[in-house]
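Letter by letter, the chains look like this.
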Amino acid sequence: MDIVEEEGNIDVIDSFSDSDEPPTKRRRTEGGANGYSEEDKIVGPILYDPAESLPEILSSVNTLLEVHVLAKYLTLKNPKVKSNAIWGSGQYTTDSDVVAMLQHSGQWPLHEKPPDLFGVRVFFRISDGLNEYKGRTMNGVSSQAWSWHAVSFSVERVLPMTSPTPATLRLQRKKELSNSGDFTHKAEAVLPTSQSPVEARKFSLVHMSLFPNTVLMYNLSNEPCFGYDQSLLCDRGSEPEKWTSYKLKQVVLYIESLTERYELARESRLPSREGSSKFDLYRWVKVKRPYHLDRLALEKTQVPLDVPSHGTLLHSHLDWNQIVWGPDSVTVDGTEYKASRIFWYPRSTLSRPQQQSS
């Protein structure tokens with residue numbers, strides 16, 4: 001299942017705070033769309049599919065996962081409910097079915113017919129796994145016993161949806177594209193929205209020399225991006241225009257794992273004893289609160305991002321050979337970072353000094 005950010009109806013927070021520590025307290029606010037505040041960290045939403053299990057988000061313990069379930073699945077006739085595809089009681093294994101958990105926990109009683117709604121938004125509390133999960137019959141569903149599991153989910157809150165949210169519609173469309181294999185739909189949507197047609201052409205798919213079978217995904221700020229592919233970033237041929245290092249003179253590269261975003265940007269050449277450095281140098285920054293840094297937000301800030309306001313500097317003064325593109329990760333100065341998505345963004349035309357490590 002893919003995770004995207006809700007827009008408009010929910011405050012979605014990065015799975016990591018500025019201090020990289022999970023939250024220890026939470027509070028509810030009156031009048032919030034989901035009953036949670038910015039102190040609560042929410043991953044998602046994802047779209048329920050009875051054929052898929054929920055993701056084991058090991059790094060997001062003590063946070064919340066939001067799942068959208070369409071009304072057609074909210075029935076006692078759901079095969080997963082009838083087969084008791086659920087393990088545990090109160091705290092469930094991540095491969096337990098979402099709808100079965102709703103019925104077993106009593107958070108959303110099911111009937112023979114689907115409810116007269118578009119669906120529901122389910123909020124799961126992510127917690128550490130248990131050494132033993134006990135089976136129990138509740139509300140007509142018999143959960144099964146199981147041994148140790150890495151992560152547990154418990155149903156914390158269910159909200160009805162009378163109409164689809166923007167995120168639900170995008171998730172449905174993405175699912176349709178995935179099932180049809182049509183990943184090239186509206187590929188130009190990955191271009192910066194602030195660019196004029198002339199400027200945008202500079203960063204079009206043709207000028208970026210991307211392969212036709214590139215997979216489009218959604219990034220942490222819920223905007224179209226490319227699936228990470230080693231072949232998109234390795235330098236090809238003898239023409240500098242096709243090198244990623246050359247492109248970084250005009251653009252910044254953002255690389256995402258499941259829950260984190262990193263920025264790879266060219267630094268100004270540093271002076272040396274003999275004068276200017278012969279080669280460009282680069283920096284690697286962990287972006288703070290990436291769920292809020294969509295393209296509209298990037299328009300209003302400096303790119304590359306200011307450190308420490310919008311990012312934490314992890315590596316600086318990097319030579320290009322210190323960056324190694326792997327099949328599913330990027331190794332920077334000996335440290336490996338998982339990679340699943342990428343997108344480019346133009347450097348700001350206004351320049352100001354970037355903070356360097358001492």
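Please read these numbers as outputs of a predicted model, since none were measured by experiment.

Thresholds, definitions, all that
- All residue numbers refer to position in the chain's written sequence, counted from 1.
- Local features in this predicted model are restricted to residues whose pLDDT is 70 or higher, and side-chain atom pairs enter the listing and the counts only when it is 80 or higher, whereas totals over whole chains, interfaces and linings include all residues.
- Values reported for side chains reflect all heavy atoms of the structure, with hydrogen atoms and water molecules removed beforehand.
- Here a strand is any run of E in DSSP of at least two residues, a helix any run of H or I of at least four, and the numbering for each starts at the N terminus.
- Should any heavy atoms of two residues lie within 4.5 Å, those residues are counted as being in contact.
- Using a 1.4 Å probe, accessible areas were evaluated by the Shrake-Rupley method; residue-level cover was limited to the displayed protein chains.
- Type-normalised accessible area, obtained with a 1.4 Å probe on protein chains alone, sets the label of each residue: buried when under 20%, exposed when over 50%, and partly exposed for intermediate values.
- Two strands qualify as a pair provided DSSP detects at least 2 bridges between them.
- Any carboxyl oxygen of Asp or Glu that lies within 4 Å of a side-chain nitrogen of Lys or Arg is treated as forming a salt bridge with it.
- The rule is short: rings of Phe, Tyr and Trp, with Trp giving its six-membered ring, pair when the centres are within 6.5 Å, and they are stacked under 30 degrees, edge-to-face over 60, tilted in between.
- We call two N or O atoms a polar contact when they sit within 3.5 Å, provided that within protein one can donate a hydrogen and the other can accept it, with sequence-adjacent residues counted only if both atoms are side-chain atoms.
- Residue types Ala, Val, Leu, Ile, Met, Phe, Trp, Tyr and Cys, when buried and joined through side-chain atoms within 4.5 Å, form a set referred to as a nonpolar core.

A. A look at the overall build of the protein chain. Counting secondary structure elements, the protein chain contains seven helices and 20 strands. In the protein chain, once contacts between residues fewer than 6 apart in sequence are set aside, the share between residues at least 24 apart is 70%. Total accessible area on the protein chain is roughly 17,400 Å²; 51% of this is exposed by carbon and sulfur atoms.

B. Geometry of the pairing of strand β11 (residues 251-256). Counting buried residues along β11, six of its six residues qualify, which places the element largely inside the surrounding structure. In β11, alternate side chains face the same way, and those of V251, L253 and I255 on one face and V252, Y254 and E256 on the other are all buried. In sequence, β11 turns back onto strand β12 (residues 261-267) through a hairpin of four residues.

C. Summary view of the pattern of salt bridges. Scanning the model with the defined rule gives nine salt bridges in all. Between E256 and R261 there is a salt bridge, with the nearest N and O atoms lying 2.7 Å from each other. Each of the two residues, E256 as well as R261, counts as buried. Between E260 and K286 there is a salt bridge, and its shortest N-O distance comes to 3.6 Å. Highlighted residues: E260 in the loop between β11 and β12 and K286 in strand β15 (residues 281-287), separated in sequence by 26 residues.

D. Highlighting the sheet that holds strand β4 (residues 91-93). Reading across the sheet, the six strands line up as β1-β2-β5-β8-β4-β3 and stay open at both edges, with mixed pairing between neighbours. Edge strands, defined here as strands with exactly one partner in the open sheet, are β1 (42-47) and β3 (88-89). Of the pairings in the sheet, the one linking β3 to β4 comprises two bridges and is antiparallel in character. Across the sheet, residue G88 finds its bridge partner in β4, namely Y92.

E. Local environment of the pairing of β12. Most of β12 sits inside the fold, with six of its seven residues counted as buried. Direction of pairing for β11 relative to β12: antiparallel, over a ladder of four bridges. Residue pairing in the sheet places I255 in a bridge with Y262 of β12. Alignment of β12 against β15, held across six bridges, turns out to be antiparallel.

F. Examining the packing of aromatic side chains more closely. Overall, the coordinates contain eight aromatic pairs when judged by the stated rule. Considering the side-chain rings of W320 and W325, the 6.2 Å spacing of their centres and the 55° angle between planes classify their relative orientation as tilted. On the basis of relative accessibility, which here comes to 19%, the residue W320 falls in the buried class. On the basis of relative accessible area, W325 is assigned to the buried category, the value being 9%.

G. Looking closely at the side chain of D280. Tracing the backbone through its elements, the reader meets D280 in the loop between β14 (275-276) and β15. Relative accessible area serves as the criterion here: at 9%, D280 is assigned to the buried category. Of the polar contacts made by the side chain of D280, one reaches the side chain of K249; its length is 2.8 Å. Within the structure, D280 has its side chain in polar contact with the side chain of R266 (distance 3.2 Å).

H. A look at helix α2 (residues 98-105). By the criterion of burial, α2 is predominantly enclosed, with seven of the eight residues buried. Every buried residue of α2 is listed here: V98, V99, A100, M101, L102, Q103 and H104. Capping of α2 at its N-terminal end is provided by D97; its side-chain oxygen lies 3.1 Å from the backbone amide nitrogen of V99. Following α2 by one or two positions, G106 has its phi on the positive side, about 80°.

I. A look at the nonpolar core. Counting residues in hydrophobic clusters, the biggest one holds 29 residues, and the most contacted among them are L54, L65, V67, V69 and F124. Secondary-structure elements contributing two or more residues to this core are β1, β2 (64-70), α2, β5 (119-128) and β8 (151-161). For this core, the element with the highest residue contribution is α2, accounting for five residues. Apart from the residues lying within four places of it in its own chain, the contact partners of V67 are I46, Y48, L54, V98, V120, R121, V122 and F124.

J. Focus on unusual backbone geometry. Looking along the chain, the bond that leaves V303 and enters P304 is cis, with omega of 5°. In this structure, P304 sits in the loop between α7 (295-299) and β16 (311-318). With an omega of 10°, the peptide bond running from V307 to P308 counts as cis. Along the chain, P308 falls in the loop between α7 and β16. For D333, which is not glycine, the phi torsion reads 50° and is therefore positive. Its location among the elements puts D333 in the loop between β18 (329-332) and β19 (335-338).

By themselves, these figures tell us nothing about what the structure is for.
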